[in-house]
Amino acid sequence: MASLFNLGEKNNSVNQRIWINISLLVVIFVLSVIIFFNKNEIEDELLPLSSINPKSIININVQRKNLDNLFFSKSDGVWNMITPLQFQANRARIESILKILETKSYKQFNLDEVDIAQFALRSPAIILELNENKFSFGTNNPINQRRYILFNKKIHMIDDFNFPQLTTNAAYFAETKLLPDKANIISITFPEYTIRLNNGKWQASIPKYDEEKVKKIINKWKKISAISVSKYEKQEGQKTITINSMSGQEINFAIVTTAPYLILGREDLGIQYNMGMDDAKQMFLKTYLQN
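As the structure is a prediction and not an experimental result, all values here were calculated from the model. (Residues numbered from 1 in each chain as written. Predicted model: local features only at pLDDT ≥ 70, side-chain atom pairs only at ≥ 80, totals over all residues. Heavy atoms only, no water.)

## Here's the deal with the pattern of salt bridges
One pass over the structure, following the stated rule, counts eight salt bridges. Residue Asp115 is joined to Arg122 by a salt bridge in which the shortest nitrogen-to-oxygen separation is 2.9 Å. A salt bridge links Arg147 to Asp160; the nearest nitrogen and oxygen atoms lie 2.9 Å apart. Note that Arg147 is positioned in strand β8 (residues 147–151) and Asp160 in the loop between β9 (154–158) and α3 (163–166), a separation of 13 residues in sequence. (Salt bridge = Lys/Arg side-chain N within 4 Å of Asp/Glu carboxyl O. Helix = DSSP H or I, 4+ residues; strand = E, 2+ residues; numbered from the N terminus.)

## Overview of the side chain of Asn90
By secondary structure assignment, the location of Asn90 is in the loop between β4 (87–88) and α2 (91–98). In this structure Asn90 comes out as buried when scored by relative accessible area, which is 11%. The contacts of Asn90, once residues within four sequence positions are left out, are Phe173, Ala174, Glu175 and Thr176. (Buried < 20%, exposed > 50% of the residue type's maximum accessible area, 1.4 Å probe, protein only. Contact = heavy atoms within 4.5 Å.)

## Here's the deal with the pairing of strand β12 (residues 201–204)
With burial as the criterion, only one face of β12 is covered, namely that bearing Trp202 and Ala204; the residues Lys201 and Gln203 on the opposite face remain uncovered. Looking at chain direction, strand β11 (residues 194–198) and β12 are connected through four bridges and run antiparallel. Residue pairing across strands places Ile195 opposite Ala204, the latter belonging to β12. Counted along the chain from β11 to the antiparallel partner β12, the turn is two residues long, and its residue Asn199 has a positive phi close to 55 degrees. (Pairing = 2+ DSSP bridges.)

## Remarks on the nonpolar core
By size, the foremost hydrophobic cluster in this structure holds 62 residues, and its most contacted members are Ile60, Leu178 and Trp221. In terms of residue count, helix α4 (residues 211–223) provides more of this core than any other element does, four residues in total. Setting aside residues up to four positions removed in sequence, Trp221 forms contacts with Leu178, Leu179, Ile185, Ile188, Phe190, Ile241, Ile243, Phe253, Leu264 and Met283. Ranked by size, the runner-up nonpolar core spans seven residues in total, among them Phe109, Phe119, Ile155 and Met157. (Core = buried A, V, L, I, M, F, W, Y, C linked by side-chain atoms within 4.5 Å.)

## What about unusual backbone geometry?
Thr83 connects to Pro84 through a cis peptide bond whose omega is 5 degrees. Its place among the elements puts Pro84 in the loop between β3 (78–83) and β4. Here the amide bond leading from Ala259 into Pro260 is cis, since omega sits at 5 degrees, within 30 degrees of zero. As for its position among the elements, Pro260 is in the loop between β15 (250–257) and β16 (263–266). Backbone geometry places Asn131, a non-glycine residue, at a positive phi of 55 degrees. Looking at the element boundaries, Asn131 is found in the loop between β6 (126–130) and β7 (133–140). The partly exposed category is assigned to Asn131, whose relative accessible area is 25%.

## As for the environment of Thr242
One can find Thr242 in strand β14 (residues 240–245). Judged by its relative accessible area of 16%, Thr242 is buried. Beyond its immediate chain neighbours, meaning those up to four positions away, Thr242 contacts Ser187, Ile188, Thr189, Glu250, Ile251 and Asn252. At 2.7 Å, the side chain of Thr242 and the side chain of Asn252 are in polar contact. (Polar contact = N/O pair within 3.5 Å; in protein donor to acceptor, adjacent residues only side chain to side chain.)

## A word on the sheet that holds β16
Sheet strands pair by backbone hydrogen bonding; their relative direction is either parallel or antiparallel. With antiparallel pairing, the eight strands of this open sheet are ordered in space as β12-β11-β10-β14-β15-β16-β17-β13. Looking along the sheet, the strands with just one partner apiece sit at the ends: β12 and β13 (228–231). Strand after strand, the sheet turns through a mean of 25 degrees between neighbouring axes, direction not considered. Sheet analysis places strand β10 (residues 185–189) next to β11, joined by three bridges and oriented antiparallel. Note on β11: the bridge partner recorded for Ser187 is Arg196. Those strands touched by α4 are β10, β11, β12, β14, β15 and β16, and its axis lies near 100 degrees from that of β12. (Axes fitted to C-alpha atoms, helices over the stretch in contact; angles between N-to-C directions.)

## Topic: the sheet that holds β4
The sheet built from nine strands is open, its strands ordered β4-β3-β2-β1-β6-β7-β8-β9-β5 with antiparallel pairing. The sheet terminates laterally at β4 and β5 (107–110), the two strands that pair on one side only. Taken together, the five bridges between β6 and β7 define a ladder with antiparallel strand orientation. Bridged to Glu129 within β7 is Lys134.

Following this line, the structure appears as structure tokens:
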């Protein structure tokens, strides 16, 4: 009987612990829901860093300590880098910069209440100018990793998404598409052969060519984009691909390397395009790619 009694006590104890654990889980869940909704409510109440319309910005100037400064300008809806390189800028990269105008300001300090040196704002590493509006980037908060920004005579604490990209190399901002959107190709001269439009028909300088394949190559060049863009690195003895358009424009791509993947350089722009292997195989009649 005693053993049965003890067994009953053990079962009751186990059941009690189970119910306690279940109760704790319920409490944790309820508290998590409350915290989540309170956090959302707090963030909804936060004001944006500025009331400036991103569409009104036509000039972007990035002053960078110990790095080349960057300057972008918008004309006819297209962004271009003016310095230190000259190329069409990647729209997504530019839009990412402009998002700072609408980001939330989690905390603000008046300049007369703090010492700006403690925020590394006496000599900022980055100063971003959007038209005449200036944003100085200070240090980040070690606890929540948010960045301190000096704007409009106040120090704001914001999410730190701009600083890393503003400190990267200039080529990062280049458009990944190899050719302009409305490029009207009339010929492509490869190192060993040429394909050209002749009386409305595509022809190749090598025998036994497939006209349909040539058309696919032309369409591929019109649409293709690189996986990434980097600073141009000239190689000895590199061959060239020349593209001519109906407008008379001539664009030269240097074949920087074909292994382990294809890299095409624009020496005139100071950048090179790192191509995906599957795309690269569709750009040629005769492949230059090495396995």
